[in-house]
Amino acid sequence: MSLEVTITHITGDFELDVSFRTGSGVTAIFGPSGSGKSSITNAISGLINPLSGRIMLNETVLYDATSGLNSAPHKRRIGYVFQDGRLFPHLSVEGNIRFGLRFAKVGGNLDEVVQMLGLEPLLSRRPNTLSGGEKQRVALARALLSQPRLLLMDEPLAALDEPRKDEILPYLERLRDRAKIPIVYVSHSVAEVARLADDLIVLQGGKIVMSGPTEDVLSDPAAMPFVGVREAGSILRAKVLEHGSDGLCRLQISGGELVLPGVVTGVGKTIRIRILAQDILLSLEHPIGLSSRNILPVQVTAIKLGDGPGAAVSLRCGSDRLLARVTAQAAEELGIKPGLDCFAILKATAVPRGNIGEKLSEN
Amino acid sequence: MILRPEEWAALALSLKVSFWAVVLSLPLALLVAWLLARRQFWGKSLLNALVFLPLILPPVVTGYILLLMFGRAGIFGEFLARFGIVLAFRWTGAALAAAIMGFPLMVRAIRLAIEAADPKLEAAAATLGAGPAARFIFVTLPLIAPGILAGAVLGFAKAMGEFGATITFVANIPGQTQTLPSAIYAFLQVPGGEASALRLVGLSLFVALGAVLISEWLARRVAERIGQR
């Protein structure tokens, strides 16, 4: 499974010029609004024709400006979940999700998709009676049942409020781990990207500024200007060791153990945790008499001074990477430089439940 | 209300003429409305003007042009006569006149509905594998159904009331081309015809009111069905 995109496109005075390749799993295209994210997904689905370039899916050419080859959207078999849902108002929920079935060559498993997305109680309802979160689940089921070779999701959660996002994110995680189709996920939310994406493409002003595995990109100090200092952070994979009676959970990570509240996943399972750079403190000595239970031995791998008073410090912790944000003044006084061994301190309650995601399968 | 045979004949003829005028021109109105709403092509303004011409021209002029073109000596009339189709001074001609006079109203109502139908829904259908024809049948058509219905009702109402073009093109032959308005006009021309004319006026009011009520009810049902209310 591979998608290869090399396109340029001009709308008004905005210029898009990107080239990337994605594999299986979830590839997120991250960037602020107006950075060209939707233009990319629209070009992949064939809803717009790029000015020049080439789009290939699994060795099949979908679009090639040079040879003039341009496969029609309905022949591309690329599912699309739109930000605004775009459910058909004249059809019931069931009519909506069955829509693509009549055009698909192989029949999709309706019951399985309905069950996975929890749609049984909604089947006879009309789209205009659904909540925002329910609409997006229906749109997702509809796209999945059209038997796509690739699934595009353009800001599927952007129109939802926080509780609705938390309600739908577990469904997306389940989809990522069970559906065997690659997903291109467009978002301007670091939290969503951190929770869902295997690979990350950072887009800025129509150009790709960073790309790579999500963990690597987000823990790179260079990503801080793009994701924002408050949102910057790293992703760790952790194994659930034990649920304490006090609501705290013991987790195994490559560089040690963590104790966090709010974990609901069962013992033995792997979860993804996003730790914000601003929630990490650095100490040269192993601290004593400190309330935090999460003290990890780390090594500084890079430091990047920003324009403001802050500095981003990249840390190695076992085989994982952590990102910490300290003041430039503190960094100088502590003598923080690449190669330095020190300790990272994380307050147990600093990780909100929304930053803990399930990861059912290992890849 | 007891009607005399010639009054019944006028009512029946009007209903028949209006029915066929609407049924036969609706597909063409749909096509033209779709072209005007969704397509850019050379001569679009000209087509638009041509469609709306009958609304602006005096009906007598439209009727006379029809007579020139579809009369026995007219270019179309002569051609159609070879296949045994004669329009001038026949009820079929009345249906043609009614269709042409109602055409702009139908096109306008349907065009507005097509312009209001969100093309993003068609794009969504395309990503689900629906080709152009399937998109039109399964998405666009159901969404614009209320507009089509409104257009048909307007076209029917216009056909029921059409007078000027009809009388010019197919004259006023009782039982053949004498529609309700033509009959009312004819009764008013002869002494002692007022009573008949008045009965037909009452009948026209009744038919018009009934058509409006039925179309309102249908429109509500369709709107509910497509989830717009």
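As a reminder, the structure under discussion sits directly above these lines.
Our subject in this report is the structure included herewith. Since this is a predicted model, take the numbers as computed values, not measurements. (Residues numbered from 1 in each chain as written. Chains lettered and ligands numbered in written order. Predicted model: local features only at pLDDT ≥ 70, side-chain atom pairs only at ≥ 80, totals over all residues. Heavy atoms only, no water.)

This brings us to the overall build of chain A. Helix and strand counts for chain A come out as 10 helices and 21 strands. Taken against the 2.2 N^0.38 rule, which gives 21 Å for 363 residues, the C-alpha radius of gyration of chain A at 22 Å falls within 12% of a compact globule. For chain A, the spread of C-alpha atoms along the principal axes amounts to about 65 × 50 × 35 Å. Relative to its 363 residues, chain A shows a buried fraction of 52%. Restricting the contact set of chain A to residue pairs at least 6 apart, pairs at least 24 apart contribute 66%. (Helix = DSSP H or I, 4+ residues; strand = E, 2+ residues; numbered from the N terminus. Rg over C-alpha atoms; globule rule 2.2 N^0.38 Å. Buried < 20%, exposed > 50% of the residue type's maximum accessible area, 1.4 Å probe, protein only. Contact = heavy atoms within 4.5 Å.)

Turning our eyes to something else, we now look at the overall build of chain B. Helix and strand content of chain B: 10 helices and 0 strands. For chain B, the α and β elements follow one another from N to C terminus as α-α-α-α-α-α-α-α-α-α. Projected onto its principal axes, the C-alpha positions of chain B cover 70 × 45 × 30 Å. Looking at chain B as a whole, 43% of its 229 residues qualify as buried. Across chain B, contacts joining residues at least 24 apart in sequence account for 70% of those joining residues at least 6 apart.

Okay, empty space enclosed by the protein next. All names here are of chain A. In total, this model carries 3 cavities of 30 Å³ or more according to the counting rule given. When its volume is computed, the largest cavity comes out at roughly 50 Å³. Top contributing element to the lining of the largest cavity by residue count: helix α6 (residues 162-178), with 3 residues. For the lining of the largest cavity, the residue count by class is 7 nonpolar, no polar and 1 charged. (1 Å grid on protein atoms, 1.4 Å probe; cavity = no way out; pocket = protein on both sides within 12 Å on 5 of 7 lines; lining within 4 Å. Points joined across faces, edges and corners; volume = space filled by probe spheres on them. Nonpolar A, V, L, I, M, F, W, Y, C, P; charged D, E, K, R; others polar.)

The next thing to look at is the sheet that holds strand β16 (residues 280-283) of chain A. All names here are of chain A. A sheet is described by the order of its strands in space; here 5 strands give the open sequence β16-β20-β17-β18-β19, paired in antiparallel fashion. Here the strands that pair on one side only, and so sit at the sheet edges, are β16 and β19 (320-327). The average undirected angle you get between the axes of adjacent strands in this sheet is 45°. Pairing geometry for β16 and strand β20 (residues 341-346), over 4 bridges, is antiparallel. Each residue of the ladder has a partner; that of S283, found in β20, is F343. (Pairing = 2+ DSSP bridges. Axes fitted to C-alpha atoms, helices over the stretch in contact; angles between N-to-C directions.)

A separate point is the pattern of salt bridges. All names here are of chain B. Taken as a whole and assessed by the stated rule, the structure comprises 18 salt bridges over all chains. Across the pair R4 and E6 runs a salt bridge, and its minimum N-O distance is 3.2 Å. According to the relative accessible area criterion, R4 is partly exposed, its value standing at 38%. Notably, a salt bridge pairs R199 with E7, separated by 3.0 Å at the nearest N-O pair. Of this pair, R199 sits in helix α10 (residues 194-225) while E7 sits in helix α1 (residues 5-38); the two residues are 192 residues apart in sequence, bridging distant segments of the chain. On the accessibility criterion, R199 (22% relative accessible area) is partly exposed. (Salt bridge = Lys/Arg side-chain N within 4 Å of Asp/Glu carboxyl O.)

So, about the interface of chain B and chain A. Between chain B and chain A, the contact holds 22 residues from the first and 22 residues from the second. Summed over both partners, the interface of chain B with chain A comes to about 1,900 Å²; 68% of that surface belongs to carbon and sulfur atoms. It is T127, L128 and F138 of chain B that lose the most area in chain B upon contact with chain A, and together they represent 36% of the buried surface on that side. Residues D84 of chain A and K120 of chain B are paired through a salt bridge, measuring 4.0 Å at the closest nitrogen-oxygen approach. Connecting chain B to chain A are 2 residue pairs in polar contact (both at pLDDT 80 or more). The set of elements that each furnish at least two residues to the side of chain B that touches chain A consists of α6 (119-127) and α7 (132-161) of chain B. (Buried area = accessible area lost by both parts, 1.4 Å probe. Polar contact = N/O pair within 3.5 Å; in protein donor to acceptor, adjacent residues only side chain to side chain.)

The next subject is the packing of helix α2 (residues 44-56) of chain B against helix α5 (residues 91-116) of chain B. Residues and elements named next belong to chain B. Put simply, α2 and α5 touch, their axes get as near as 7 Å, and they point 125° apart. The pairing of α2 with α5 is recorded here as oblique in orientation. Crossing hand, α2 versus α5: left-handed. Across the interface between the two elements, N48, V51, F52, P54 and L55 from α2 touch I100, M101, F103, P104, L105, V107, R108 and R111 from α5. Of the residues belonging to the contact of α2 with α5, the class tally is 10 nonpolar, 1 polar and 2 charged. (Parallel < 35°, antiparallel > 145°, perpendicular 65-115°, else oblique. Left-handed = near helix turned anticlockwise from the far one by under 90°.)

Here we come to the sheet that holds strand β11 (residues 207-213) of chain A. Residues and elements named next belong to chain A. If you trace the 6 strands from one edge of the open sheet to the other, you get β7-β8-β9-β3-β10-β11, paired in mixed fashion. The open sheet is flanked by β7 (78-81) and β11, the only strands paired with a single partner. The sheet shows a mean angle of 15° between the axes of neighbouring strands, taken without regard to direction.

Along the chain, the position of R86 of chain A falls in the loop between β7 and α3 (93-98). Since its relative accessible area comes to 15%, R86 of chain A is described here as buried. A distance of 3.3 Å separates a polar side-chain atom of R86 of chain A from the backbone oxygen of K120 of chain B. With residues near it in sequence (within four places) discarded, R86 of chain A still touches R142 of chain A together with K120, L121, A123 and A124 of chain B.

What follows is about the packing of α5 of chain B against α7 of chain B. Residue and element names in this part refer to chain B. Here α5 crosses α7 at 160°, and the two axes come no closer than 8 Å. As the angle between them shows, α5 and α7 are arranged roughly antiparallel. Handedness of the crossing formed by α5 with α7: right-handed. Touching A98, M101, G102, L105, M106, A109, I110, A113 and I114 of α5 are I144, G147, I148, A150, G151, L154, G155, K158 and A159, all from α7. For the contact of α5 with α7, the class distribution of residues is 13 nonpolar, 4 polar and 1 charged.

On their own, these measurements won't tell you what the molecule is for.
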